[in-house]
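Understanding the architecture of this molecule
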Amino acid sequence: MKLPLGIHVGERLSLEQTYWQAEFADRNGFESVWVAEGRLARDGIVPAAIIASRTSNLKIGTGVVNNKSRNAALMAVTFKTLDEVAPGRAILGIGAWWEPLATKVGQPLVKPLASMREYIAVCQAFFRNELVSFEGEFVQMRDVRFDSMYRENKPVDIPIYIGAVGPKMLELAGEISDGVHMDFLLPPSYLTGAKEAIGRGVAKRTDGRGGIDLTQIVACSVNDDDPQEAIDACKAFLTLYLMQQPHIAEHCGVERELVDRLQEVAGWPATPEDIKRAMPLVSNSLVQNVTACGSTSQAFDKLMSYHEAGVRCPIISTLGDKERTLTSLAMAAKD
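Below or above, wherever it landed, is the structure these notes cover. In this text the structure is predicted, and so the values were computed from the model without any measurement.

**Digging into the nonpolar core**
Phe-30, Phe-79, Leu-92, Phe-127, Val-180, Met-182 and Leu-303 are the most contacted members of the largest nonpolar core, which totals 78 residues. Ranked by the residues each element gives to this core, the list is headed by helix H5 (residues 112–127), at 8 residues. Excluding residues that lie within four positions of it along the chain, Leu-92 makes contacts with Thr-62, Val-65, Met-75, Phe-79, Cys-123, Phe-127, Ile-158, Pro-159, Ile-160 and Tyr-161. Judged by nonpolar contacts, the second largest core, of 31 residues, contains Leu-238, Leu-258, Ala-270 and Val-290.

**Structural notes on the side chain of Thr-325**
Within the secondary structure, Thr-325 is located in helix H14 (residues 322–334). A distance of 2.9 Å separates the side chain of Thr-325 from the backbone nitrogen of Val-222, its partner in a polar contact. Separated by 2.9 Å, the side chain of Thr-325 and the backbone oxygen of Asp-321 make a polar contact. When sequence neighbours within four positions are dropped, the list of residues in contact with Thr-325 reads Cys-220, Ser-221, Val-222, Thr-318 and Leu-319.

**Digging into helix H7 (residues 190–202)**
Spanning 13 residues, H7 covers 19 Å between terminal C-alpha atoms, matching the ideal 18 Å at 1.5 Å per step. All of the buried residues along H7 are Tyr-190, Leu-191, Ala-194, Ala-197, Ile-198, Gly-201 and Val-202. Down the axis of H7, the sector holding all buried residues measures 145 degrees, keeping them to one side. Looking at the buried side of H7, the elements it contacts are helix H6 (167–176), strand E9 (179–182), strand E10 (213–222), helix H9 (247–252) and helix H13 (296–309).

**Details of the pairing of E9**
A two-sided burial pattern is seen for E9, the buried positions comprising Gly-179 and His-181 on one face and Val-180 and Met-182 on the other. Regarding topology, H6 serves as the crossover connection from strand E8 (residues 160–163) to the parallel E9, and that connection is right-handed. In this sheet, E10 lies alongside E9 in parallel orientation, the contact comprising 4 bridges. Each residue of the ladder has a partner; that of Met-182, found in E10, is Gln-216.

**Considerations on the packing of aromatic side chains**
Tallied over the entire structure, the rule returns 7 aromatic pairs. Here the aromatic rings of Trp-20 and Phe-24 are separated by 5.2 Å at their centres, their planes lie at 25 degrees, and the arrangement is stacked. One end of the pair is Trp-20 and the other is Phe-24, both in helix H1 (residues 15–27) and 4 residues apart, which spans about a single turn. On the basis of relative accessible area, Trp-20 is assigned to the partly exposed category, the value being 29%. Sitting over the ring of Tyr-19, Arg-54 keeps its end group 4.4 Å from the ring centre. Sitting over the ring of Phe-146, Lys-80 keeps its end group 5.5 Å from the ring centre.

**What to know about the environment of Glu-37**
Mapped onto the elements of the fold, Glu-37 is located in the loop between strand E2 (32–35) and helix H2 (45–54). Put simply, Glu-37 and Lys-195 are 158 residues apart on the chain and 25 Å apart in space, counted from C-alpha to C-alpha. Contacts of Glu-37, omitting those with residues within four sequence positions, involve Arg-42, Asp-43, Gly-44, Ile-45, Val-64, Val-65, Asn-66 and Arg-70. Within the structure, Glu-37 has its side chain in polar contact with the side chain of Arg-70 (distance 2.9 Å).

**Considerations on unusual backbone geometry**
Across the junction of Gly-63 and Val-64, the peptide omega takes the value 0 degrees, indicating a cis bond. Tracing the backbone shows Val-64 in the loop between strand E3 (59–62) and strand E4 (65–66). The backbone of Lys-111 sits at a positive phi, close to 45 degrees, despite the residue not being glycine. For Lys-111, the location among the structural elements is in the loop between helix H4 (101–104) and H5. For Lys-111, a relative accessible area of 47% gives the class partly exposed.

Reading guide: rules and limits
- Residues numbered from 1 in each chain as written.
- Predicted model: local features only at pLDDT ≥ 70, side-chain atom pairs only at ≥ 80, totals over all residues.
- Heavy atoms only, no water.
- Core = buried A, V, L, I, M, F, W, Y, C linked by side-chain atoms within 4.5 Å.
- Buried < 20%, exposed > 50% of the residue type's maximum accessible area, 1.4 Å probe, protein only.
- Helix = DSSP H or I, 4+ residues; strand = E, 2+ residues; numbered from the N terminus.
- Contact = heavy atoms within 4.5 Å.
- Polar contact = N/O pair within 3.5 Å; in protein donor to acceptor, adjacent residues only side chain to side chain.
- Expected span 1.5 Å × (residues − 1).
- Arc of directions from axis to C-beta.
- Right-handed = clockwise from strand over helix to strand, strands pointing away.
- Pairing = 2+ DSSP bridges.
- Phe/Tyr/Trp six-rings, centres within 6.5 Å; stacked < 30°, edge-to-face > 60°.
- Lys NZ or Arg CZ within 6 Å of the ring centre and 35° of its normal.

Keep in mind that these numbers describe shape and distance, not what the molecule does.
Rendered as structure tokens:
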């Protein structure tokens, strides 16, 4: 491929669509598949394991799981197991849980930087096959390690990517992780400040490493017969996010006034009917600033703009006609 690409799969796809996209990507030179876990709709680990068993070449990342709902030791052994299914292909993509969901399930977002630092330090120690003792504010471990009785316990090479958007989390990622897995709906211009923040973190590293990887999920929709239909698919997605996760607005150039107007229509959770009523408030230009949509050439050019801004590997998340979008962009990347 002339542009490295990955795919992002989540609960907007049926399981059948999820496995089809992963197998298509595996056959067509894509680099990675990232399995989402966000709303209380579907977990990320089960589909990731099934995808691992059905593919041969793809890296398989979680895009992302959170550092609240699984004990760090269990998370480490989960990814050790995934590495058994797909040796050398597993990636732990991890992020802070998002509000208001975190509070609604009794895990409010408190000191996300400190908790992420502790959690990743423990996971990395497990992956090095160390005996782990750790007394943190959020994570405590007392003399534990991988402890299989029936096979050798040994280190596993599991890269850790932090799902980061804000400058402080990006800086932390640069300091302690292997990569950043950036979220939807950020324009290419956001990468200037993001790379600076990552660079500040890299400068603090003590392992001599001079940089980390950078991937970003990009919402995509393609329809060469009716480009506006493809734009509307991304517009509905952006409208939903602005209603339910308004922090995104701070990073994609949306004025607070628009968020307030959208939230007058609906908050959390928004229904499909709410989204349709609110969509006229969102302009095409705003949608095309933060997604890759329209004709194949328009969408592929936008993916290239992310790459040129510093995203090594854009991660396609299909909207609208999902099969057409994926196959069209795969063909464009090969031409």
